[in-house]
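Now for the letters of each chain:
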Amino acid sequence: MNLGQTQNKRKWVSKFILSFLAIVGGVDSILHIILPLFPYKLNQYILPFGMSSLVTGILFSLGLSIYWHRNEKNNKIDSQKYFIWLTTILRYWLALYLATFGFEKLFDVNFAFSYHIEDSLVNTLNGQELTWKYYGYSYTLTVIIGLIQIIGSVLLLFRRTTLLGVITLIPVQLNILLINIFYGIGPLTTFISIIMVFGLFYLSLERKEDIIAFFSSYKSKLPSVGTNTVRKLIRFLCILIPFAFVFYYSYDVRKSKKYFGKWKVEKMTRNGKIVSEKAWEKDTLAWKLLYFEERGKLLFCPNPNMYIDSASIFMKYHYDKDKNILKVISYEKSLQKPDTIPVLISKFEDKSMQWKMIFNRDTIQMELRKENH
C-alpha cells in the first residue's frame, strides 16, 4: 500500500466502505464454512442465524466507521492502524473464501454431476440449473477456474503480491458476478459476489497510482510501421470492417425472420393421403415439428413432445426476400450434391402457413402453426 496515502485523512464514506467490505465479507466467509457443519436438527436455525449475523456485521461496520471518523477528527486514534487492519482482514477473508470455492471445484463439489438435471429438458431448467449443467459439463474447465481462484487467493495473502492476485482474480470473479445476476443464481450468492468484486476493486484502487504509473511509463520498444495517418486509418478499419461485416450478415440472415421459430404440423398429407396422428411413432418422415433457426438451418422432427436429433432431418433453407421464394436444401441423398427443393407457401399469416413441396419423390403438404416461444 502507499504509506503516504493511508496517512491522509479519509472521508467517512471511504471508512464505511472499507469497514463494510472487511467485516461483512469476513462474517459471510466464516458462515460459509461453519453453517454446513451444523447438525441436521439445527437446519431450521441456519437461515435466521446467518441473516442475523450479516445484519450484525453491517451494523458493526457502520458503528465502527462512525467511531473511527469521529476519533480521527479529534486526533484520538492512529487512523493508519485501522486502515491497515481492515485492509488486511479484507485480503485474508477474500483469500479464505475464494480458496474455498477453488478447492470445491477441484474436489468436484462445485458443479458436481446432477442426476435430476441430467434427465431434465433444457427448457424446464432455471438459470441456476442451466449454469450448473453448463459448467459441470467439463471437469477440466472447472479445475482451471478453481486453480485460478486458489492461486489468486495465495497471492492475496502477501502484501508484495496483492496487486498481482487482484489482477488475476478480477476477470474471473466479475464473470461469476454477471452470471449470478443475469442467471438468477440467488440473492445471497449474488450479494457475496458483489462484495467480492467490490473488495477486489477496492484493493486495486489503493494502488491506483502504481497502476497509472505503470501504464503511463510503458511503451513498446518496437519501431512504428508506416506513417501516423496510415496507422490511424488501419486502426479505424480494424473496427469498421468487423462491424460492417456482422451488420450486413445480420441483415442478410434476418431477411427470413418471419419464419424463425418452432412450427407445429397440424395436418400432413403425403401424395394426397392424410398422415395419421400417430404415424410418427414408426415413420420418421411423419413430421410433427419444424424448427426454423437462424443462419439457414431447418430441422424436421417427428416427435411432437421434444426434439430428438437422431430421428430428425437437418436441411438448409434459402429465402429470397425480393422474389418471396423459399427453397430448402436436402442432404439426405448426398452431402456433396444436395437437392434443392422449391417450397410453395400459401396462406401465410403471422402464426400459420401451408407448405407444398416434393421430397423423395413424394408430394408433401403441411398445415403449420407457429408455437409461442
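Relevant structure appears above.
Residues numbered from 1 in each chain as written. Predicted model: local features only at pLDDT ≥ 70, side-chain atom pairs only at ≥ 80, totals over all residues. Heavy atoms only, no water.

J.: Please set out unusual backbone geometry residue by residue, giving values where relevant.
T.: Although it is not a glycine, Phe-111 adopts a positive phi angle of roughly 65 degrees. Along the polypeptide, Phe-111 turns up in the loop between helix H4 (79–106) and helix H5 (115–118). For Phe-111, a relative accessible area of 14% translates into the label buried. Backbone geometry at Lys-347 places phi at a positive 50 degrees, although glycine is not the residue there. You can see Lys-347 is positioned in the loop between strand S7 (339–346) and strand S8 (352–359). Its relative accessible area of 63% is what places Lys-347 among the exposed residues. (Helix = DSSP H or I, 4+ residues; strand = E, 2+ residues; numbered from the N terminus. Buried < 20%, exposed > 50% of the residue type's maximum accessible area, 1.4 Å probe, protein only.)

J.: So what about helix H11 (residues 228–253)? Which residues, and what values?
T.: For H11, spanning 26 residues, the distance from its first C-alpha to its last is 38 Å, which sits close to the expected 38 Å at 1.5 Å a residue. Along H11, the sharpest kink reaches roughly 25 degrees, centred on Leu-237. (Expected span 1.5 Å × (residues − 1). Bend = angle between axes of the 7 residues up to and from the residue.)

J.: If you had to explain the side chain of Gln-173 to someone new, which residues and values would you point to?
T.: As for its placement among the helices and strands, Gln-173 is situated in helix H8 (residues 162–182). Assessed through its relative accessible area of 3%, Gln-173 is described here as buried. There is a polar contact of 2.9 Å between the side chain of Gln-173 and the side chain of Gln-149. Ignoring anything within four residues of it in the chain, the contact list for Gln-173 reads Leu-98, Gln-149, Met-196, Val-197 and Leu-200. (Polar contact = N/O pair within 3.5 Å; in protein donor to acceptor, adjacent residues only side chain to side chain. Contact = heavy atoms within 4.5 Å.)

J.: Tell me about the nonpolar core, and name the residues and values.
T.: Among the nonpolar cores identified, the biggest contains 31 residues, and Leu-90, Trp-93, Leu-94, Leu-156 and Met-196 are the most heavily contacted of them. Looking at this core, the elements that each hand over two or more residues are helix H2 (12–34), helix H3 (46–73), H4, H8 and helix H9 (187–205). Broken down by element, this core gets its largest block of residues, nine residues, from H4. If we ignore the near neighbours within four places in the chain, the residues touching Met-196 are Trp-93, Leu-94, Tyr-97, Leu-98, Phe-101 and Gln-173. (Core = buried A, V, L, I, M, F, W, Y, C linked by side-chain atoms within 4.5 Å.)

J.: Break down a nonpolar patch on the surface for me, citing the residues and quoting the values.
T.: A cluster of nonpolar side chains, contributed by Val-122, Leu-130, Leu-174, Leu-178, Ile-181, Phe-182, Tyr-183 and Phe-201, occupies part of the molecular surface with about 750 Å² of accessible area. Sorting elements by how many residues they give to the nonpolar patch places H8 first, with four residues. Inspection of the secondary structure puts Phe-201 in helix H9. The exposure class of Phe-201 is partly exposed, given its relative accessible area of 36%. (Patch = residues over 30% accessible without salt bridge, like charges linked within 9 Å, V, L, I, M, F, W, Y side chains within 5 Å. Areas by Shrake-Rupley, 256 points an atom, 1.4 Å probe, with all protein chains shown as cover. Salt bridge = Lys/Arg side-chain N within 4 Å of Asp/Glu carboxyl O.)

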